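Working through the structure, step by step
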Amino acid sequence: MHRLSGKRGDGLIEMSPTESFNDDVNGYPQHSGSDMGSFQHDREEIDKHQQSKDSIFFRDGVRRIDFVLSYVEDNEDARKLERRAVFEANLRNAGLELETEDKSESEDGKTYFVKIHAPWEALATYADVLKIKAPFKANDIPENREMPMGWLATPIRLPEDIMHPEPDYFTATFNKNKSDFFLIDDKDTFFPPSTRNRIVYYIMSRCSYIQDCERDKIGIKRLLNNGTYTAAFPLHDCRYWKSSSYSNCESDRYKLYRHWARFLCFFKEQPINLIRKYYGEKIGLYFAWLGFYTEMLLFAAVVGTICFVYGLLTYEENEWSKEICDEKIGGNIVMCPLCDRKCGYWKLSKICNSSWQSHLFDNVGTVFFAIFMGIWVTLFLEFWKRRQARLEYEWDLVDFEEEQQKLQLRPEYETKCSERKLNVITQEVEPYLPLTSKCARTCLSGATVLFWLTLIIACIVGVIAYRLAVYAAFASIMKDSATSHLHVVGPYITPQLATSVTASCINFIIIMILNFMYERVAIWITDLEVPKTHLEYENKLTMKMFLFQFVNYYSSCFYVAFFKGKFVGYPGNYAYFFGSLSKLRNEECDPGGCLIELTTQLVIVMTGKQVWGNIQEALVPWLMNWWGSRKARCHPESLYSRWEQDHDLQPFGQLGLFDEYLEMVIQFGFITLFVASFPLAPLLALINNIIEVRVDAWKLTTQFRRPVAAKAHCIGAWEEILNAMAVLSVVTNAFIVAFTSDMIPRLVYMYAYQPDGEMNMKGYINNSLSVFNISEFPAESRPEDGENPIWFNGSVTTCRYRDYRYPSGHVKEYFHTMQFWHILAAKLAFIIIMEHVVFMVKFIVARLISDVPSEVRARVKRERYLVQEYLHNYEVEQLKMQLQKHDHDECTCSPMIYPTIPGHEVLSDRL
């Protein structure tokens, strides 16, 4: 393939697009299949090389490229050729202008690029349809941005032109018939690129590609699915490492990369307004929420670290661990076997190290931190509502939800709903889904979700069975293992630890596999339900995915926290997982408690998910882009145009932002639902989120095509999910402190059962262990020959186990003692008191903190007042102008400043 090198020294010649030749045929080059002279072909090749790598204009250098379609011509498939011809003709009928780049000018020599430009008339028409807000007056309300001690924040601040790239205006819903009411200095720049590509995508999603206009044969989405087009995307404005060479072209991508997407900017604030300007409100809201969440995590991380340090400082005051490690106390207490047949008797001093580890997380500070997090989560949600309300006003989203519900019906809903009915509110005929069809689809969807939830539970049951089965094997193998002789790590490698770590890793692998499979199922069943609006679609998908992820990620933690060690029975009458015939005895908690195992489970799943997520988000797109752009590296003399550069990037898919929210909400659950077991969880989450913000920014700016801008007035269903998790976290942490931690039994012993009447924990270990007569062990539970340690002999007649039961020979043999019931009552009382205190504080805090700042309410009222006043004055002036005309006719209608394009078809929200 012949190419013009166009080199000057070592660099490419970059000429202004205004110097290019004028294009014939109104700027629409013909496809390769049509007759084209050699002169025109050579001229188009020259035209391309006269543009720079950052050119985002048609070949005339004037019309801006708002969207790009790409396809590879298949001469054997005439249907695709016909679909493209009809679709592009309909786009022109809707008011768009198209220009095609021949395949001979692409890097692979196969790909055509269709560039789309939306002229003023089309933009004005659809801005009216979509109720887009436009500025009509400069904001005259002074804003006090001065903060007390504001100079302390100087190191984290960005330049003012980056933080606030646009002037502040009062806005009103755009009306094409009243265009001169708005502040229009330049029609080409009045609508920002994000608004332009949103309008073009709205048109493309409603254009038909079949001559007979079948209802289900519309939209660019279906054309992408059936392979008619290979990609559809708006362009980035320049290369991310270099600003644009054109004065009439923004360099927002370069600014975002320089001030936001680099990891060295991790301590800087985010340019939220610039993100919104470039990517749209929906992505802007996500990064605003993520940044605010990370800021609030700082307070939780500090308090959690203080609680952990408190555990370290009180390390030497841990009386019960001293007793366990004391050879005269723990070294003389013989414990009952932890499994049947394969486990032998063991001495309590064996768990000396795990008891010290448990104290780091199981102390009085844990109770304080659990209460603190219940209040923290309320403050986080309430302050976010205020921040969100401010962004709603600043970004013109106050009335957006109602408009979206009324106007932006999903094209899939419009095409699949063959029946119509009259809307009693709007008095317009609109599509609707019959009740019978809706019920059938909902039942099928619910059954599918239930099946997958059952599958998750079955997998968790399998992991539990694995734990029960391999514990005996680990216990038998590791008793004489070489690892037990290691000086540093030997004492920490126990059968309990080996079982917990391997089970957690297996559980994590199962979680990843099920996530991969269920994501596609969730999209399929949500499409099956045919939601009416984009908001309804996202909410339905969000609830399905979160319900699945909730069970998938948290079920193993719930098992360890609330089930393990709670239903084990006692020696001679053990409980079995699948009945006595299964030989799988329920797991016990060792005298050190189950809290340390819950901590292990939490760290493995939470850390593993975050590390894997960052690798998947950053490394995979980078490798795919590196491989995809190899052709451009092989042809350094070629232009490698702006649309080809973006075409080689990864598409920002339908679930791009959804996956980011889901990842953070799952993390939010880890640091709230189970934080009583691991006070350092907020610190790990803070470190991850500092990296996450920059990784997300980097991949969005450098590795992905520019997403289609979308509006959203809030974070959607995620807000309700966060509220529900905040309430649930109070309950789970109260139960963890009461039933998983040993805090309550210790307090009951210290205040009611300390034999010397002193306020200390001396004698607690002996008091918390019950006695069993070895001779009463049934044959199927008795250790096999060779499983018992060397020191075990016939002089040992009893063993101890973790419970409060009467000993053998007592009139209430092996029944619970009164101390057990006192502890149970104390646990229930603690749960009730903690929940009521935290819920009361949460209620008071929520009532004291207004959801909308008073300043924002005043600004909203001021703007609405000005809209009414200015519109009234505008109508009066228009009427005066008409009355003053001498040669007027009988028509007194308001003149249309920009009339509808003749012969062009306006696609309404109903097809």
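Keep in mind that what you see is a predicted model, and the values were worked out from it rather than measured. (Residues numbered from 1 in each chain as written. Predicted model: local features only at pLDDT ≥ 70, side-chain atom pairs only at ≥ 80, totals over all residues. Heavy atoms only, no water.)

Some thoughts on the overall build of the protein chain
Looking only at helices and strands, the protein chain has 28 helices and 16 strands in total. Counting all 911 residues of the protein chain, 52% fall into the buried class. Contacts in the protein chain between residues far apart in sequence, at least 24 positions, make up 79% of those at least 6 positions apart. Here the protein chain displays about 42,100 Å² of accessible surface, and carbon together with sulfur accounts for 61% of that area. (Helix = DSSP H or I, 4+ residues; strand = E, 2+ residues; numbered from the N terminus. Buried < 20%, exposed > 50% of the residue type's maximum accessible area, 1.4 Å probe, protein only. Contact = heavy atoms within 4.5 Å. Areas by Shrake-Rupley, 256 points an atom, 1.4 Å probe, with all protein chains shown as cover.)

A few points about the sheet that holds strand β4 (residues 97-101)
With respect to topology, 4 strands assemble into an open sheet ordered β4-β5-β3-β8, the strand pairing being antiparallel. Edge positions in the open sheet fall to β4 and β8 (231-233), since each of these has one partner strand only. Mean inter-strand twist for the sheet, computed between neighbouring axes without regard to direction, equals 20 degrees. Relative to strand β5 (residues 111-117), strand β3 (residues 67-72) is paired through 6 bridges, and the arrangement is antiparallel. Residue pairing across strands places F67 opposite I116, the latter belonging to β5. Sheet strands touched by helix α6 (residues 193-204): β3 and β5. Its angle to β3, the strand with the most contacts, is close to 45 degrees. (Pairing = 2+ DSSP bridges. Axes fitted to C-alpha atoms, helices over the stretch in contact; angles between N-to-C directions.)

A closer look at the nonpolar core
In this structure, W289, Y293, W376, F380, Y554 and F670 are the most contacted members of the largest nonpolar core, which totals 141 residues. Among the elements that take part in this core, helix α10 (residues 281-313) stands out by supplying 16 residues, more than any other. Setting aside residues up to four positions removed in sequence, F380 forms contacts with W289, F292, Y293, M296 and F668. (Core = buried A, V, L, I, M, F, W, Y, C linked by side-chain atoms within 4.5 Å.)

Some thoughts on the packing of helix α9 (residues 272-279) against α10
Axis separation between α9 and α10 bottoms out at 7 Å; the angle between their running directions is 150 degrees. Here α9 lies roughly antiparallel to α10, going by the angle between them. Crossing geometry of α9 relative to α10 is assigned as right-handed. Taking contact as the criterion, the partners of I272, I275, R276 and Y279 in α9 are, on α10, E281, I283, G284, F287 and A288. (Parallel < 35°, antiparallel > 145°, perpendicular 65-115°, else oblique. Left-handed = near helix turned anticlockwise from the far one by under 90°.)

Structural notes on helix α13 (residues 364-394)
Since the α-helix advances by 3.6 residues per turn, residues separated by three or four positions end up pointing in the same direction. Between its first and last C-alpha, α13 extends 45 Å over 31 residues, near the 45 Å set by a 1.5 Å rise per residue. At the N-terminal boundary of α13, the capping side chain belongs to N363, with an oxygen 2.9 Å from the backbone nitrogen of G365. Looking one or two residues past α13, D396 carries a phi angle of roughly 60 degrees, positive in sign. (Expected span 1.5 Å × (residues − 1). Polar contact = N/O pair within 3.5 Å; in protein donor to acceptor, adjacent residues only side chain to side chain.)

Things to note about a nonpolar patch on the surface
A cluster of nonpolar side chains, contributed by V611, I615, L619, W622, L623, W626 and W627, occupies part of the molecular surface with about 710 Å² of accessible area. Position of L619 relative to the elements: it lies in helix α19 (residues 595-628). (Patch = residues over 30% accessible without salt bridge, like charges linked within 9 Å, V, L, I, M, F, W, Y side chains within 5 Å. Salt bridge = Lys/Arg side-chain N within 4 Å of Asp/Glu carboxyl O.)

Comments concerning the packing of α10 against helix α23 (residues 681-703)
Two elements in contact, α10 and α23, have axes separated by 7 Å at closest approach and are oriented at 160 degrees. Judged by the inter-axis angle, α10 sits roughly antiparallel to α23. The handedness of the crossing between α10 and α23 is left-handed. Of the residues in α23, those touching α10 at I283, Y286, F287, L290, Y293, T294, L297, L298, A300, A301 and T305 are P682, L683, A685, L686, N689, I690, E692, V693, D696, A697 and L700.

Concerning the state of the cysteines
One pass over the full model with this rule turns up 3 disulfides. What pairs with C336 in a disulfide is C799, and their sulfur atoms sit 1.9 Å apart. On the sign convention where negative means left-handed, the S-S torsion of about 85 degrees between C336 and C799 marks this disulfide as right-handed. With a gap of 463 residues between them, C336 in the loop between β9 (334-335) and β10 (346-347) and C799 in strand β16 (residues 798-802) connect regions that are remote in the sequence. (Disulfide = S-S within 2.5 Å.)

Examining the pattern of salt bridges
Close approach of charged atoms lets side chains of opposite charge pair. Taken as a whole and judged by the stated rule, the model has 28 salt bridges. With a shortest N-O distance of 2.5 Å, E875 and K178 are connected by a salt bridge. Of the two residues, E875 sits in helix α28 (residues 854-883) while K178 sits in the loop between β7 (169-173) and α5 (187-190), which places them 697 residues apart along the sequence. Note that K385 is salt-bridged to E382, the shortest N-O span being 3.5 Å. Residue K385 and its partner E382 are both found in helix α13; the two are separated by 3 residues, about one turn of the helix. For E382, a relative accessible area of 7% gives the class buried. Residues joined by salt bridges that share partners form a network here, namely R59, E99, E101 and K115.

Some thoughts on the packing of aromatic side chains
Under the definition given, this model contains 62 aromatic pairs. Judged by centre distance (6.2 Å) and plane angle (45 degrees), the ring pair of F550 and F558 falls under tilted. For F550, a relative accessible area of 18% gives the class buried. Where F558 meets F562, the ring centres are 5.6 Å apart and the plane angle is 40 degrees; that geometry is what we call tilted. Pair noted here: F558 and F562 are both in helix α18 (residues 534-562), with a separation of 4 residues, about one helical turn. With a relative accessible area of 19%, F562 lands in the buried category. A cation over a ring is seen here: R585 above Y574, with NZ or CZ 3.5 Å from the ring centre. (Phe/Tyr/Trp six-rings, centres within 6.5 Å; stacked < 30°, edge-to-face > 60°. Lys NZ or Arg CZ within 6 Å of the ring centre and 35° of its normal.)

Considerations on the confidence of the model for the protein chain
Low pLDDT marks regions whose predicted coordinates should not be analysed in detail. Mean pLDDT over the protein chain works out to 80, with 83% of the residues at or above the 70 mark. Here strand β2 (residues 11-12) is the element of the protein chain with the lowest mean pLDDT, 30, and β8 is the one with the highest, 94. Overall, residues 482-490 carries pLDDT values under 50, and its contacts beyond four positions in sequence, including any with other chains, amount to 4 contacts. (pLDDT = per-residue confidence, 0-100.)

A word on the side chain of Q650
Mapping Q650 onto the fold places it in the loop between α21 (642-647) and α22 (656-673). Aside from chain neighbours lying at most four places away, what touches Q650 is P621, M624, N625, Q703, F704 and R705.

As for helix α8 (residues 252-261)
Within α8, burial applies to D252, R253, L256, H259, W260 and A261. Projected down its long axis, α8 carries its buried residues within an arc of 155 degrees, all on one side. Taken together, the buried residues of α8 touch α4 (160-163), α9, α10, α21 and α23. (Arc of directions from axis to C-beta.)

Some thoughts on the environment of I525
Note on placement: I525 falls in helix α17 (residues 495-529). Spatially, the C-alpha atom of I525 lies 8.4 Å from that of R441, the residues being 84 residues apart in sequence. Filtering out sequence-adjacent residues up to four positions away, I525 remains in contact with S445, T448, V449 and K544.

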